[in-house]
Each structure stands twice: as C-alpha cells, then as structure tokens.
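So you can see what is in the structure, the chains are spelled out below.
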Amino acid sequence: MNHRLDITKKNILHYRYARFGYKNGKNGSFILPKQSLYKDDLKLNWGQTMNARLQELETEAILLIRETYAAFKTPVVLYSVGKDSSVLIHLVSKAFYPMKPPMPLLHIDTGFKFPEMIEFRDRRAAELGFDLVVRRNEAAIAAGTNPHDHGIGSCCGALKTEALLSALEEGGYDVALGGARRDEEASRAKERFFSHRDSFGGWEPRQQRPEPWFHFNTLLDDGESMRAFPLSNWTEQDIWDYIQAESIELVDLYFARPRPVKRQGEQLIPVINADEASEDVSIRYRTLGCYHCTAAQASSADTLEAIITETAQAQLSERSSRLIDHGVSSMEDKKREGYF
Amino acid sequence: MSILRLAIAGSVDDGKSTLLGRLLHDTGSLRTDQVAKMTRIGADKGMALDLASVADGLKAEQEQGITIDVAYRYLNLRGRRLILADTPGHEQYTRNMFTGASTAWGSLLLVDAKRGLREQTRRHASIAALLGHDTVVFCVNKMDAVDNDPARYQALADECQALGERLGFKHLHILPISALTGDNVVTRGALTWWEGDTLLDVLTALEPAARAQPAQVASVQAVMIEQSEGQTRRLLALRFAGGPIAVGDRLFAGVHARPVTIKAIYSGGASVTSVASNRDALVELDEEIDLTRGDWLQREPQTWTKTLSPVVCWLGERPGRVGEKVVLRHGDRWVKAQITDASQPVDLAELCYHSTQQSLESNSIGRIHLRLAQPVPAASFADDPVSGAMVLVDPATRQTLAAGVIAPIPGLETTA
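Residues numbered from 1 in each chain as written. Chains lettered and ligands numbered in written order. Predicted model: local features only at pLDDT ≥ 70, side-chain atom pairs only at ≥ 80, totals over all residues. Heavy atoms only, no water.

A. Examining the side chain of Ser86(A) more closely. One can find Ser86(A) in helix H4 (residues 83-96). With a relative accessible area of 4%, Ser86(A) lands in the buried category. (Helix = DSSP H or I, 4+ residues; strand = E, 2+ residues; numbered from the N terminus. Buried < 20%, exposed > 50% of the residue type's maximum accessible area, 1.4 Å probe, protein only.)

B. Structural context of the sheet that holds strand S6 (residues 171-176) of chain B. Residues and elements named next belong to chain B. The strand order S2-S3-S1-S4-S5-S6 describes an open sheet built from six strands, whose pairing is mixed. Two strands close off the open sheet at either side, each with one partner strand: strand S2 (71-77) and S6. In this sheet, adjacent strand axes meet at a mean angle of 25° when their direction is disregarded. Pairing analysis gives seven bridges linking S2 to strand S3 (residues 80-86), with the strands arranged antiparallel. Within the sheet, the bridge partner assigned to Leu-75 lies in S3 and is Leu-82. Strands strand S1 (4-10), S2 and S3 of the sheet are contacted by helix H4 (residues 94-102), whose axis makes an angle of about 155° with S1. Seen against the sheet, helix H5 (residues 119-130) touches S1, strand S4 (106-112) and strand S5 (135-141) and runs at an angle of roughly 170° to S4. (Pairing = 2+ DSSP bridges. Axes fitted to C-alpha atoms, helices over the stretch in contact; angles between N-to-C directions. Contact = heavy atoms within 4.5 Å.)

C. Summary view of the packing of helix H3 (residues 52-71) of chain A against H4(A). Residues and elements named next belong to chain A. Contact geometry of H3 with H4 gives a least axis separation of 9 Å together with a crossing angle of 75°. The angle between H3 and H4 falls in the class roughly perpendicular. Judged by residue contacts, Glu-58, Ala-61, Ile-62, Ile-65, Arg-66 and Tyr-69 of H3 engage Leu-88, Leu-91, Val-92, Lys-94, Ala-95 and Phe-96 from H4. (Parallel < 35°, antiparallel > 145°, perpendicular 65-115°, else oblique.)

D. Layout of the packing of H4(B) against H5(B). Residue and element names in this part refer to chain B. Where H4 meets H5, the axes come as close as 10 Å, and the angle between the chain directions of the two elements is 40°. Taken together, the axes of H4 and H5 are oblique relative to one another. As for the relative orientation of H4 and H5, their crossing is right-handed in sense. Between H4 and H5, the contacting residues are Thr-94, Met-97 and Phe-98 on the first element and Gln-120, Arg-123, His-124, Ile-127 and Leu-130 on the second. Split by residue class, the contact of H4 with H5 holds four nonpolar, three polar and one charged. (Left-handed = near helix turned anticlockwise from the far one by under 90°. Nonpolar A, V, L, I, M, F, W, Y, C, P; charged D, E, K, R; others polar.)

E. The arrangement of the state of the cysteines in detail. All names here are of chain B. Per the counting criterion, the structure on display carries zero disulfides over all chains. Unpaired in this structure, Cys-139 has its nearest cysteine sulfur neighbour in Cys-160, at a distance of 9.4 Å. With relative accessibility at 0%, the residue Cys-139 sits in the buried group. The exposure class assigned to Cys-160 is buried, which follows from its relative accessible area of 0%. (Disulfide = S-S within 2.5 Å.)

F. Focus on helix H11 (residues 330-337) of chain A. Those residues of H11(A) not exposed but buried are Ser330(A), Met331(A), Glu332(A), Lys334(A) and Lys335(A). Elements that come into contact with the buried residues of H11(A) comprise helix H8 (152-171) and strand S7 (194-197) of chain A together with helix H3 (59-64) of chain B. Immediately beyond the C-terminal end of H11(A), within one or two residues, lies Gly338(A), with a positive phi of roughly 120°.

G. A look at the packing of aromatic side chains. Applying the stated criterion across every chain yields a total of 17 aromatic pairs over all chains. Ring centres of Tyr69(A) and Phe96(A) lie 5.3 Å apart, and the angle between their planes is 65°; on these two criteria the pair is classed as edge-to-face. In this pair, Tyr69(A) is assigned in helix H3 and Phe96(A) in helix H4, connecting sequence segments 27 residues apart. The class of Tyr69(A) is buried, set by a relative accessible area of 3%. With centroids separated by 5.9 Å and ring planes inclined at 75°, the aromatic side chains of Phe112(A) and Tyr291(A) adopt a geometry described as edge-to-face. Of the two residues, Phe112(A) is situated in the loop between strand S4 (105-108) and helix H5 (115-127) and Tyr291(A) in the loop between strand S11 (279-284) and strand S12 (297-298); the sequence distance between them amounts to 179 residues. Here Tyr291(A) falls in the buried class, since its relative accessible area comes to 15%. Three or more aromatic residues joined by ring pairs form one cluster here, namely Phe72(A), Phe193(A), Phe194(A), Phe214(A) and Phe216(A). It is Arg182(A) that lies over the ring of Tyr72(B); its NZ or CZ is 3.8 Å from the centre. Across from the ring centre of Trp203(A), 4.5 Å away, lies the NZ or CZ of Lys335(A), which sits over that ring. (Phe/Tyr/Trp six-rings, centres within 6.5 Å; stacked < 30°, edge-to-face > 60°. Lys NZ or Arg CZ within 6 Å of the ring centre and 35° of its normal.)

H. Spatial organisation of the interface of chain B and chain A. Residue-level contacts link 83 residues of chain B with 77 residues of chain A. In terms of surface lost to chain A, no three residues of chain B exceed Arg31(B), Tyr74(B) and Arg398(B), which account for 10% of the buried area on that side. Joining chain B to chain A, the criterion identifies 13 salt bridges. The interface formed by chain B and chain A holds 36 residue pairs in polar contact (both at pLDDT 80 or more) in total. Considering each element in turn, the side of chain B that touches chain A owes the most residues, eight residues, to strand S7 (residues 217-228) of chain B. Looking at the side of chain B that touches chain A, its residues break down into 36 nonpolar, 24 polar and 23 charged. (Buried area = accessible area lost by both parts, 1.4 Å probe. Salt bridge = Lys/Arg side-chain N within 4 Å of Asp/Glu carboxyl O. Polar contact = N/O pair within 3.5 Å; in protein donor to acceptor, adjacent residues only side chain to side chain.)

Read these as layout, nothing more, since geometry by itself doesn't imply function.
The structure is reproduced here in structure tokens:
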C-alpha cells in the first residue's frame, strides 16, 4: 500500500472530503467517515504506569491537539520520525480515541534521511491510521544540494524550510503541529504553545501574541498560519519516561547497535554508502536528523532502561549532537525564516 | 508528584534571570556545554559565570542585555519537577510577564535590596493576585550589595509582608538571597544570621491548592461526529476545573438548561466511568442535541449574563477606549463585545482604584465594563478558572488586547 499521497492544490478539497468527511455547516464540526478499524486493531499499548507528572503533561498536550482540530480549518502534524514526533502522534491518537486521527502527517524528506526512518515512517503511519503526506524539494535534491558543498545553512534552508513552507502552502494547512520542546534550545524556550507565522511563514520573536492561560487567540488573517507545540513543556527526560510508560515504538536507530561510522573531529558521523571507508562502532543516536549532520554517540544502551539511565547521566545537552544548531542563535535565525 | 508551576517576576534588573541561572547551576540542572557557555559569555563581560545568559535566548535580548519575552525552564528539585517562567521586568513587556504568570499558580517576586520595592514590583504582585496565585515568595535579592544587613532586610520584608497581605495571598514567604553569589538560594552561604529556610527548601515544600468541589461548568472545546457502521455518535471534548464528571451525571446544556445525562466517557485512550478535572475527557450524551464548540454544560443551571465587569490587564500596544468593539474569547466561544462605561484603572502606588477614565493605558490594570452580543455563564475566577477568565481581541488586527478575570483583587475592593 502506498502511503505517499500526492496532494496538489487542485485536489486538496477532494482529499479532505474523502478522508475526514465534510464540515457540517450547522455546528462547525467535522463528519468523520468509517472509523471502526481502529477500535478492533489498536496498535497502541495504553500505559497503566504513568505518574502524576506525565499525566499532567499528557492532558495539557491533548488539550492543545484538540484545539488545533476545533479552532482551525486544516490541521497537519509535522512528523519527523524522531522520538518527540513518535510521542506526538501517539498523543494525537489518544486525543481522538475512539476515532481515527482526523489530521494527516506531513514528513519533509530531505533525501538524506536514514533508510530505517523511511521504513518506520510508512509502517507507523499506517498502523495508527494516519494519512501520510511526504514532501521533498525535488529541484534542490536533483541539483545535488548537500551540506558539504553548500553549507549547512543553505542546505537546511532549501531541503527543509523551503520544502516545508511550500508543502504547507500547497496543502492550505492553517495550523501545523510540531514536537518541538522548550528545553531543547534557547530560542525555543521563548516559544508560545500557539506560535503565529506571517504570510511568508516567518516568526517575529519580539512581537509574539500574549498567551494568557489556555484561552488561545487562534484568529488568523488570510495567508497567516499557526504552529502549535503540544510538547512545549516536556523535557528530554519526560519524553523517555513517557515512551517507557506507554510502550511507544521507536525507530531502532535510538538503540545502541554496531553500525558503520567515520570520525569527524570528536563526532561520529554515520556512513550510509557502503563504498565509503568506515569502522563499526556500537553507537546510538540521541536525536535524529539527516545522516550528514547527525552525530552518533558511542554507547552500549540497547534498551529503554539503559537509554533513560544514560540520558540522566549525559554531560552534554541534547542538541549538541546536531551540527545544524551550532553558532550563535542559529535556531532563531532559521525559525525567523520559517524553519519549524 | 504534581508539577510546580511558578513564575519569576519583579522589576527590571532585580536579578530574575540571574536567579534562574543560579537555581539551574546550583541544583546541577545544567549540562557541561551549557556551563561552558555561561563561562565563555561571562569571560567576555569580566565575570566568572554569566548566570543570566542561560535565560536570554533571543539575539535582541543578548545584544541589549534585557529580557523581552518569557523563557520557560525546567528543573528537578529533589525529584520534583519545577516549570519556571522567567518573565521580563520592563513595563513595556508586561504582556509577556502576564503570559508567563498565567499558567503558573505561584510567583517568586524579586526585590532589589538596594532599591527596594518599586512600582513594577507592585504591578507584578497585583497581576499575581489577579491571576489567583495563592503562593508568593518574596526574595529580597542582592543582599551582598547591602553588606547582608539584617536591618535593611527586615525593613523590606515588612513592606513585602504588608503588600502580600493587602493583596490577599494565602501563602506568603519572604526571605533574603543573593542570586549573584548564591547565598540562601541552595545553601545558606554568607547569610549566616538568617534562621529561616533557603529558597530551595521553600520551593520544594510548595503545594498547589487542591480544587476538590465538583466542576460547576464544562466548556465544549470541540464537537466530533463519529460515523461507524451506519451509526453516528457525537462526542464532546470538555474542559472543566473541579471535581470529577462521571457516567450517569445529569447536567444542563446551554442557556436553556436542557437536561442531559452523560452516557459514555473516553479519556487517555480508553472508555472510563469517570474522569477528574486534571484529565482529558471526550463524552457522549444520552441524546443528540444541538451543541457546538463554545457551549456550556452546567451541573446546576447557572446565571447567564450579557454584561461583564472584569478586572483586566491591558496587553495591547494601544490603550483601550470606552465605546470600542472587541471580540471576547470566553471559554471556547468568541463573543462580540463593547466596552460600555468608563474604566477604573488601578493606582499601583497607592493600590486603590483611580477615578474613572475614558481609556485604559497599555500595561495598566483596571476594571472595565462590557456589553456582550450573547449571554455567557460567568463564575468568579476563583471558583471556576474556565468560565471566570477571558481574552479581548481586536477584531480588525487580531491582536490580543487584554486578559481579564471576573474577580475582585481582594486588597483593592475594600478601598474602592
């Protein structure tokens, strides 16, 4: 079954009607088509072991997810296949249970994603009952854009930001949910739950809307959009604790296995091409991005318990392994441009 | 254990970001690369550690050395999670302070031991009172700059005590600290004469007030219609504060108080028989009635009104004017509204209401009077934070103008 739906502007309405039903004029709600598959075939293991902290964070996230459904016309979930994304789509599933999730997943494929991520993405989306939209900046990929020749900034700009902005515009999505967390990075610590974007997709951090309580100002002008971050208040520790409590399946790259790598300074960079010189080291990834720019860490943590212990003892912050984040305020600059 | 949600507030340069950095640093909450960054930025400025640099994440903030927007930080204090909103001190950014304080249930209010209490201290204390914070911790900071003088501390502590009592905070803590040197933050340090708790001791002992009484109203956040095997069901996503909602509960729907019974509840991805207010709920009613996003379910029929007189903090860049039309987000509904009568701004120096005025200035607090296009159930914010709060938006620009609560500020009403 091919889950890579090709949505053009022309058939977007048709797509919405087919998948999500139509908007009922009388009460403003969506009519959802047949949902029964989901009840009989739950691929989720709802956890019984959540503590008060995780319950509070889960409830907050579900409130935000439902708000994107209720207050916007065309929500979409940004799915990066990473651990935070995996938690996010699990929460989206929970927020609408016993119904099938009424919003599709959007994956921006840079062409540099690990093959394991692509296989996992297609399988998980189908198991959880999501429609999956995959977007690539084919022109930039065909032109051979890569971080070594073009620099990390322009590579990210073309393969991620440009692809994302055109996919959002093309799909007419007025709100995009992402798994970003405030504890990841300094400019993200300043982000609202609902983050307003101008009609160019840009973020103006000095003019963010006040956000009193959970009474969100969700009003948009034509062309403007919103980013929603249900996991804003989660830390790396919460993500792992929740994954364990809820038995959420992750792509295997998070677990330590002997894998081919090359050394670049102190960082271990994965080798995908079999022809390239490499050595086998027991490594895992703390965050997952494109293979050119994601450093692995030597590790023997091959179970969730071992990862949680390792994370608690880690000396470096999470995104220190992401080459794209280095340099003063680089994330803020990218977010201003429309990066998630 | 539940999460501690607190805001750090106070006037500009009272040391909020430094205290945040100190707490993160001294509780071992920072990774080595983050400490290295503090050291590197500190070296440029001629100090050992630039503690405040951990908080200021925007370029404009780093350039100007000020906090513009609220930053959220996450600490584990002796096994307890603390979400700390580091809010800006400048009056100009009151909207961001309000944002950070609104999701907290307590605040750390900083007072500069040298400069004493300022208008901004009283503004932030009043906002904390408006937001129903039941806990306020006054930190008399920069004690190192007044030679750790106990007499100076006592004079300021008395002022804090008077302010806190005036505004009616249930739990008031006052203590001396120096965020820069770390004294009395995690350990006693140079404040050897202080016999009370350290800040860390105070923080780890805080508890949010329990809300045990049953929810009086629940707002319908979303209506979802499920179609399955020829059957349709309407499921309502509810928001409510207070005790549980259970299958079999008899509730009253909408302004006409139509009786309905809860038939089924889904929460946390399962069918359940009851759900507490701190959990999500999708409910099915025993009959299909016309309910939409923004409608209300009531335990007892409420009094509905088309006039409200909330106390608001004016967050917009321009003042609010008598006669202007706004849209109001009340619960999950947008309601058209008009500011009808003269407003009563709060005098932050005297902590009393000014005489009435035709406008409410940016960043000020005051009571306004609204006429609504539709009736709403409005409880006091203290009884019900869902129906007792509202946000005013400019219908033309979609900018948020004000946030308000249906509540008296206890200390102000007596002198009004």
